[in-house]
Every structure is written in C-alpha cells, then in structure tokens.
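Listed below, chain by chain, are the residues.
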Amino acid sequence: MSQAIPEPIPDLGAGSAGKAAEPHPGGRIKHGSLVQLLRLVAFTSWLNACIFTIHFSQILGWPLYLVNKDYYYAYMALTKQSFGLVATTTTAWFSPTVIRVSGDKSVRGQLLQTKDGRLETRFPERLVMIANHQIYTEWLYLWWVAYTSNMHGHVYIILKESLKYIPFIGPGMMFYGFIFMARNWAKDKTRLHHRLQKLVKGRHGGPMSGVSGMGSLDPMWLIIFPEGTNLSANTRNQSQKWADKQGIKILEHSLLPRSTGLLYCLQELKGTVDWVYDCTLAYEGIPRGSFGQDIFTLRSTYFQGRPPKSVNMYWRRIPVSSIPLNDSQKFELWLRNQWQEKENFLEYFAQNGRFPADDGHDSEGEPATNGNSGAQVLKGAGFIETEVKLAHWYEVGQIFVVLAAFALVSNVLAKLWNMVLYGSLVGHG
C-alpha cells in the first residue's frame, strides 16, 4: 500500500505563518528585503559576468579544433576549470556552510585535511561517481570535490536535455562534452554511445592531459545521479508507483535508482575505469517526510542567508571488477542493494546527525584496504569538518585569464599591424 506523503514544511522566509509551521532548518532569515535584493543583483551580476566570459572564451577557442586537437581539448579543460572555480566561489561567497566529510575504509588515505582546514581528496584521474539527489545544487558541491582533487577541469555530468536550451549555459555545457538525456532510451542510447566513445578513446597531450602524460587516456570524472531527478513529493509518488509495479519496497530517504543508463555507461567504459565512487549526501535539519528542495530553495540558500547548516558526505569506493555488468537483472539488484545501503546510512544520519566515519588504520604488512599497493600504512580520515573555499584568493583571476589573454594578444597584434601599416605609408611617402 502506498504511504501518504507529508506536506513539505513551508519556507518561513516567504511569509508563511501558522501553528503548523516548523522552524526552518537553516535558521532565521539573516537578511532583510533590501539586502536580499542587493544580494540578488550581486549574485546575478557575478554569474552572468563569469558565464559570458567563459562562453565567449569557448567560442574564441573553437578554431583550435581545426588546428590542433590536443590544444583544443586542453583549452576547453581550462575553461571548464574556470567554471569549477565559479561554482566554488559562488558557493563560498553566497551560501557558506559547514561541510562534513567521512567515508568507509575503502577510501583510507584519500580524504585529507590541510593545515589551513581545507579538504584535499586524492581520488584517481578516471572514475565514475554516483550520488543520491536531494536538492538542485548538489552538482556544485560535487564539482567542488573535484576541485579538491585538482580535477575540476575534467568533470562530465549527465543532465536533463531541457538544460541544453538555457542561453549561454546550455551551449557552454555542450562545449564541455556534457551528456544530455531526453529520457527516451531509444534516443538517448545513440547519443550516450557517441559521447562515451569520446571518453573511452580520448588520448590527448598538452598541459591539461593529466599526470599520466602523453598517450594515456584523458582524465575524466563522470558524475551520474541514478535516481534521475531530485527527491520531492511528486517524484516520490512516481517512485512509489514504479515500486508498486515492480513489487519492491519504496525508500524513505531517497528515490529508487534506475539502472539502465548507469549500466550502459559502465559497460561502455569497461577497461578504462577501475572505480566507482559512491557519495551519500545529507543535509542537516530536514524533518522526516519533508524534502530538501522545498526547504533549501534558491532564495533561502543564496539571498536570505539560510543555506543548510551542514552538508554531509559519506564516501565509498567500489571496484568496477566486482560489479555484475554482463547481466542486467543482476546489475539492477546490485544497484538496488547499493541504494538500500545508502538508505541505511541516511537513516543513521537522521538518528545521529552525522554519518559513520572510519578512523582506523591498516596494520603493517597487510594489503591496503582501499586497493592501493605499497608499504604505506593508511589511516581513516574520521570526520573532516571544512567549508567550500579556494586554496588561494587569487585563483578568482583564473576565471577571466583566458579572455584577458585573448584581449592582450589582440591588442599586441593590432599595434603591430598599425606599426607595419604606418611604416608602409611612410615608405611610400
């Protein structure tokens, strides 16, 4: 029998009132109407300036594809890196919040905290990342994680096709090689095959080709949300109907995952990716039966000063070799089991306010639990409490460096041309 879905708690910042209203998990509204308006203007001005700059840089760099593909892909990776910096600075400036990171023993030695408190991850250059999906801005946090591994120029995301038609942003994401899905498998399979083959066969040299050097496969973080959309009252009802049809149990804290797209990606990438990284995301203070997307809205998060009090991540690493890729039914069961484990972690978080954490270490002489070879004894990170921020303030300038370089070169060439033209006129005079 279908469970009744409780109504989401009202956004108190929108002026709702009444006895049934619960306190907003992000706390009181920190900014009045005038300040909210100023933050809106600053937010949109900053994003528009960055997006226009990056997209114009992409257009200027497109002819490189006809000249030298190594330089073209390096150039586009540089512009993608710039957008990763935009995602990080926008989150840090407009919605600062505590980030709590932990993991199991499979990621020992890969979650670290620097002396100044920043997160540093040591994830590999090529991986598939899966995560549950609760709010619209989760991709920002995952792109920031890529930044902490110096991989923010090599992120690929599978997205809804409708996003492709957003001015500037849509075409920019197409330059990045992002994959757009129409939720029509007959149509999506061809498109997915085309994009994945580029990731399978991509071997380029140049400054952004990764530490493995020229001739190796290009770095790649492919981010997939197997639930297909974020958790809400509507999508929960749809998930319930699908569960009833399949005769399986609904989940309380997430949607049931769909296996077709992820299975196809892993099959196509087989032999070029060794690991799937699984991130379970949770947000402090969401009451049972409520939905994060209704609470942490764009207005609440960026303009009212009420982002989540903490964003919590729990990381696991799964060898691709252990996943049943040759049998779709076994794979669907495997994926459902992974999401049941996520459900258990999310229930643990609901009861304890934090995820479990591995603070153990490998004994000397035994194989490393995370699959790495070598004699180094690896330790669990425990809980890392940090925030989204840049390693250096001057990295903001990198967002505009490509366009600035074009402007400088154009100015120098114009002056040289004028000098040559002036010399020619004087010579004939």
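Everything here concerns the structure above.
Residues numbered from 1 in each chain as written. Predicted model: local features only at pLDDT ≥ 70, side-chain atom pairs only at ≥ 80, totals over all residues. Heavy atoms only, no water.

J.: Pulling in residues and values, what's your account of the overall build of the protein?
T.: Scanning the protein from terminus to terminus reveals 12 helices and 10 strands. By the burial criterion, 49% of the 429 residues in the protein qualify as buried. Considering only contacts in the protein between residues 6 or more positions apart, those separated by 24 or more positions represent 76%. Per element, the accessible surface of the protein, about 21300 Å² overall, is 58% carbon and sulfur. (Helix = DSSP H or I, 4+ residues; strand = E, 2+ residues; numbered from the N terminus. Buried < 20%, exposed > 50% of the residue type's maximum accessible area, 1.4 Å probe, protein only. Contact = heavy atoms within 4.5 Å. Areas by Shrake-Rupley, 256 points an atom, 1.4 Å probe, with all protein chains shown as cover.)

J.: So what about the pairing of strand β4 (residues 126–131)? Which residues, and what values?
T.: In terms of burial, β4 is a largely internal element, 6 of the 6 residues being buried. On β4, burial covers both faces: Arg 126, Val 128 and Ile 130 on one face and Leu 127, Met 129 and Ala 131 on the other are all buried. Alignment of β4 against strand β7 (residues 220–224), held across 5 bridges, turns out to be parallel. Across the sheet, Arg 126 pairs through a bridge with Met 220, a residue of β7. As paired strands, β4 and strand β8 (residues 275–283) are joined by 4 bridges and run parallel to one another. The residue bridging Val 128 from the neighbouring strand is Val 276, located in β8. (Pairing = 2+ DSSP bridges.)

J.: Got a sec to walk through the packing of helix α1 (residues 33–61) against helix α3 (residues 69–94)? Specific residues and values, please.
T.: Following both chains from N to C, one finds α1 and α3 inclined at 175°, their axes separated by 10 Å at the closest point. Here α1 is positioned roughly antiparallel relative to α3, judged by the angle of their axes. The residues of α3 that touch α1, namely those facing Arg 39, Ala 42, Phe 43, Trp 46, Leu 47, Cys 50, Ile 51, Ile 54, Ser 57, Gln 58, Leu 60 and Gly 61, are Tyr 72, Tyr 75, Met 76, Thr 79, Ser 82, Phe 83, Val 86, Thr 89, Thr 90, Trp 93 and Phe 94. For the contact of α1 with α3, the per-class residue count stands at 15 nonpolar, 7 polar and 1 charged. (Axes fitted to C-alpha atoms, helices over the stretch in contact; angles between N-to-C directions. Parallel < 35°, antiparallel > 145°, perpendicular 65-115°, else oblique. Nonpolar A, V, L, I, M, F, W, Y, C, P; charged D, E, K, R; others polar.)

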